[in-house]
Amino acid sequence: YATLQTGYQPGTFDSIPGVMALESNLMAVTAGVKASYLDGRLVINDELFYYDYSDLLTSAWNAALGANVLTNADSRIYGNQLDLSYMPQEHTQVRLAVGYLNARYDDSDLGVFDRGQMQNSPDWTFNLGLRRDFPMGEGFLRAQLDSRDESSYWGNFMHSPGVHHDPYV
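Attention here is on the structure that accompanies the text. (Residues numbered from 1 in each chain as written. Predicted model: local features only at pLDDT ≥ 70, side-chain atom pairs only at ≥ 80, totals over all residues. Heavy atoms only, no water.)

Some words on the overall build of the protein chain
For the protein chain, the helix and strand inventory stands at zero helices and eleven strands. Counting all 169 residues of the protein chain, 25% fall into the buried class. Counted over contacts in the protein chain with a minimum sequence separation of 6, partners at least 24 positions apart contribute 51%. Per element, the accessible surface of the protein chain, about 10400 Å² overall, is 58% carbon and sulfur. (Helix = DSSP H or I, 4+ residues; strand = E, 2+ residues; numbered from the N terminus. Buried < 20%, exposed > 50% of the residue type's maximum accessible area, 1.4 Å probe, protein only. Contact = heavy atoms within 4.5 Å. Areas by Shrake-Rupley, 256 points an atom, 1.4 Å probe, with all protein chains shown as cover.)

A word on the pairing of strand E8 (residues 124-136)
Relative to strand E9 (residues 139-150), E8 is paired through twelve bridges, and the arrangement is antiparallel. Bridge pairing in E9 places Leu-128 opposite Ser-147. (Pairing = 2+ DSSP bridges.)

Details of the pattern of salt bridges
Between side chains of opposite charge, a pair can form when the charged atoms approach closely. Scanning all chains against the criterion turns up six salt bridges. Across the pair Arg-95 and Asp-146 runs a salt bridge, and its minimum N-O distance is 2.5 Å. Separated by 51 residues along the polypeptide, Arg-95 in strand E7 (residues 92-108) and Asp-146 in strand E9 bring together distant segments of the chain. A relative accessible area of 47% places Asp-146 in the partly exposed class. Salt-bridge contacts for Asp-123 lead to Arg-104; the nearest nitrogen and oxygen are separated by 3.1 Å. Taken together, the positions of Asp-123 in the loop between E7 and E8 and Arg-104 in strand E7 put the pair 19 residues apart, joining distant regions of the chain. The network of salt bridges with shared partners includes Asp-52, Arg-76 and Asp-106. (Salt bridge = Lys/Arg side-chain N within 4 Å of Asp/Glu carboxyl O.)

Let's talk about unusual backbone geometry
One non-glycine residue with positive phi stands out, namely Asp-55, at about 60°. Examined against the element boundaries, Asp-55 turns out to sit in strand E5 (residues 42-62).

Structural notes on the nonpolar core
With nine residues, the main nonpolar core is built from Phe-49, Tyr-53, Leu-56, Ala-73, Ile-77, Ala-103, Tyr-105, Met-118 and Phe-157. For this core, the elements supplying multiple residues, two or more each, are E5, strand E6 (67-89) and E7. In contact with Ile-77, other than residues within four places in its own chain, are Phe-49, Tyr-50, Tyr-51, Tyr-53, Leu-101, Asn-102, Ala-103 and Met-118. (Core = buried A, V, L, I, M, F, W, Y, C linked by side-chain atoms within 4.5 Å.)

Focus: the environment of Pro-10
The topology assignment puts Pro-10 in the loop between strand E1 (2-9) and strand E2 (12-13). Pro-10 gets classed as partly exposed once you look at its relative accessible area, which sits at 48%. As for Pro-10 and Ser-24, which are separated by 14 residues in sequence, their C-alpha atoms are 6.4 Å apart.

Considerations on the side chain of Thr-125
Among the structural elements, Thr-125 can be located in strand E8. Residue Thr-125 is classed as buried on the basis of its relative accessible area of 13%. Excluding anything up to four places from it in sequence, Thr-125 contacts Ala-97, Val-98, Gly-99, Arg-148, Asp-149 and Glu-150.

Here we look at the packing of aromatic side chains
Scanning the model with the defined rule gives four aromatic pairs in all. Aromatic side chains Phe-49 and Tyr-51 sit 5.7 Å apart centroid to centroid with 40° between the ring planes, which places their arrangement in the tilted category. Here the aromatic rings of Tyr-100 and Trp-124 are separated by 4.8 Å at their centres, their planes lie at 50°, and the arrangement is tilted. Within this pair, whereas Tyr-100 is found in strand E7, its partner Trp-124 is found in strand E8, the two being separated by 24 residues in sequence. Given a relative accessible area of 26%, Tyr-100 falls into the partly exposed group. Ring pairs connect the aromatic residues Tyr-78, Tyr-100, Trp-124 and Phe-126, which therefore count as one cluster. Looking at Arg-132, its charged tip hangs above the ring of Phe-134, at a distance of 5.3 Å from the centre. (Phe/Tyr/Trp six-rings, centres within 6.5 Å; stacked < 30°, edge-to-face > 60°. Lys NZ or Arg CZ within 6 Å of the ring centre and 35° of its normal.)

Quick look at the structure:
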């Protein structure tokens, strides 16, 4: 499958009187595959994506004003999301998900976001899971183990000290 979408968000007033943030525009392209093999025991879903934002509405804390300030920033986001699921035997499933996300600002009205990583956007995420069902009469008891690994990311637009999140599992 493949999609091409566009989006629009009207501008809005900032908390500073008389300041207006510009409208935002989006062009998004995705392409992927959803496939099932081995009588449905192996499922592969993979999606490539590219988002091009023009004047993305962005807010940042301004300590001098004691308020959030709205600004606009161009940005390009691209990546890949791969999800695999395999049932090696009845009642047992293994899952793997790998996500790559390149989310960066290209240009902003304030200049402070330029080429910086977007907030809450780790470059890599990995999920691994194992599930085993134990039939019990008309139902089942499920045992499940899941793990998630994320690369580091920033907790705000400005990359302020104290809001950098280290990688974790």
